[in-house]
Amino acid sequence: MAKGSLLNKQNRLDRLVGLLRQDEVWTMKRLADQLEVSDRTLLRDINELREQGVPIEAERGPGGGVSLSRRWGVDKLRLNHEEVISMLVSLAITETLQSPLLAEPVRSVRQKMTLGLPEHQRQVVNQLRKRILVGDPASGQVTQTYSQPSAAITRQVTTGFFELEMLDIEYIAGTGAVTERRIEPQYLFFNWPVWYLLGWDHLRDAPRVFRIDRMQKVKLTGTVFRPRSRSLILQGLDDYYRLL
């Protein structure tokens, strides 16, 4: 099975658990319609989740009820890799704000999160963490020129980042010059509220830094890349970030 198919299946399993958490009881037909799958595929998914330890209770027949056991609490919460990374980023950002009220609990939660993950997921998340950098809040001069990028832009950027897929972008530089680039999204770098993409620029054949809010168009190319040397991509940036 291809990597993309595995990811789609895992996302579907995660979504199935999420739906079962919303209502006490679903019918097989409602669940199949929501997930846009056949009854047979839904039944296979339910059986696979049961094998993973998710306590799903189901009555036989198309109209039978499907629900999660009420004994299943937050200690069994299952998150996919992107959701874990999003939570870790949010916690790291909160730390950078240096709130005296929440600093210590936030740091503790962030440290405990990955320890509670299954071993295979912890390995994946730890690799992704190494490619996300968090710095201090942006300067006033930067924030004055910042505008929030569209959801469509950020979705393409994050997909390229997580899937190691090259992006074709239309980019407006600070001078106003517009260029088209093919880039490898090697690292993400956050200076609140501005996200940067640190990557390999095939137009310049060199590492470059791009502000995501200055990307006018982003398209996934379907071409995968390999992570490049950290020292090559992050040269000269050691004083500006800390690891997620």
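The structure contained in this document is the topic of the report that follows. In this text the structure is predicted, and so the values were computed from the model without any measurement. (Residues numbered from 1 in each chain as written. Predicted model: local features only at pLDDT ≥ 70, side-chain atom pairs only at ≥ 80, totals over all residues. Heavy atoms only, no water.)

**Some remarks on the pattern of salt bridges**
Right, so step 1: Evaluation of the coordinates by the stated rule reveals 7 salt bridges.
Right, so step 2: Of the charged contacts in the structure, one is a salt bridge between Asp33 and Lys29, with a shortest N-O distance of 3.0 Å. Highlighted residues: Asp33 and Lys29, both in helix 2 (residues 28-35), separated by 4 residues, approximately one helical turn.
Right, so step 3: Relative accessible area serves as the criterion here: at 48%, Asp33 is assigned to the partly exposed category. (Salt bridge = Lys/Arg side-chain N within 4 Å of Asp/Glu carboxyl O. Helix = DSSP H or I, 4+ residues; strand = E, 2+ residues; numbered from the N terminus. Buried < 20%, exposed > 50% of the residue type's maximum accessible area, 1.4 Å probe, protein only.)

**Focus on the packing of helix 2 against helix 3 (residues 39-51)**
Right, so step 1: Packing of helix 2 against helix 3 brings their axes to within 9 Å, and their N-to-C directions diverge by 100°. By the angle between their directions, the pair helix 2 and helix 3 is classed as roughly perpendicular. Taken together, the residues of helix 3 that come into contact with helix 2 (itself represented by Met28, Leu31, Ala32 and Leu35) are Asp39, Leu42, Leu43 and Ile46.
Right, so step 2: Among the residues forming the contact of helix 2 with helix 3, the class breakdown is 7 nonpolar, no polar and 1 charged. (Axes fitted to C-alpha atoms, helices over the stretch in contact; angles between N-to-C directions. Parallel < 35°, antiparallel > 145°, perpendicular 65-115°, else oblique. Contact = heavy atoms within 4.5 Å. Nonpolar A, V, L, I, M, F, W, Y, C, P; charged D, E, K, R; others polar.)

**Let's talk about the layout of surface pockets**
Right, so step 1: Computed from the structure, the second largest pocket encloses a volume of approximately 390 Å³.
Right, so step 2: Lining the second largest pocket are 19 residues; nearest its centre among them are Val89, Thr154, Thr158, Leu188 and Trp195.
Right, so step 3: Going through the elements one at a time, helix 4 (81-96) and helix 8 (151-163) are the ones with two or more residues in the lining of the second largest pocket.
Right, so step 4: For the lining of the second largest pocket, the element with the most residues is helix 4, which contributes 6 residues.
Right, so step 5: Partitioning the lining of the second largest pocket into residue classes produces 12 nonpolar, 5 polar and 2 charged. (1 Å grid on protein atoms, 1.4 Å probe; cavity = no way out; pocket = protein on both sides within 12 Å on 5 of 7 lines; lining within 4 Å. Points joined across faces, edges and corners; volume = space filled by probe spheres on them.)

**Some thoughts on the sheet that holds strand 1 (residues 26-27)**
Right, so step 1: Strands sit in the order 1-3-2 across an open sheet of 3 strands; the sheet is antiparallel. Since the sheet does not close on itself, it has two edges, and those belong to strand 1 and strand 2 (56-58), each with one partner.
Right, so step 2: In terms of strand pairing, strand 1 meets strand 3 (residues 65-68) through 2 bridges, oriented antiparallel. Opposite Thr27, over in strand 3, you have Gly65 as the bridge partner.
Right, so step 3: With respect to the sheet, helix 3 is in contact with strand 2 and strand 3, its orientation differing from that of strand 2 by roughly 140°. (Pairing = 2+ DSSP bridges.)

**Re the environment of Glu59**
Right, so step 1: Its place among the elements puts Glu59 in the loop between strand 2 and strand 3.
Right, so step 2: Residue classification places Glu59 among the exposed positions, given a relative accessible area of 56%.
Right, so step 3: Separated by 31 residues in sequence, Glu59 and Met28 have C-alpha atoms that sit 9.0 Å apart.

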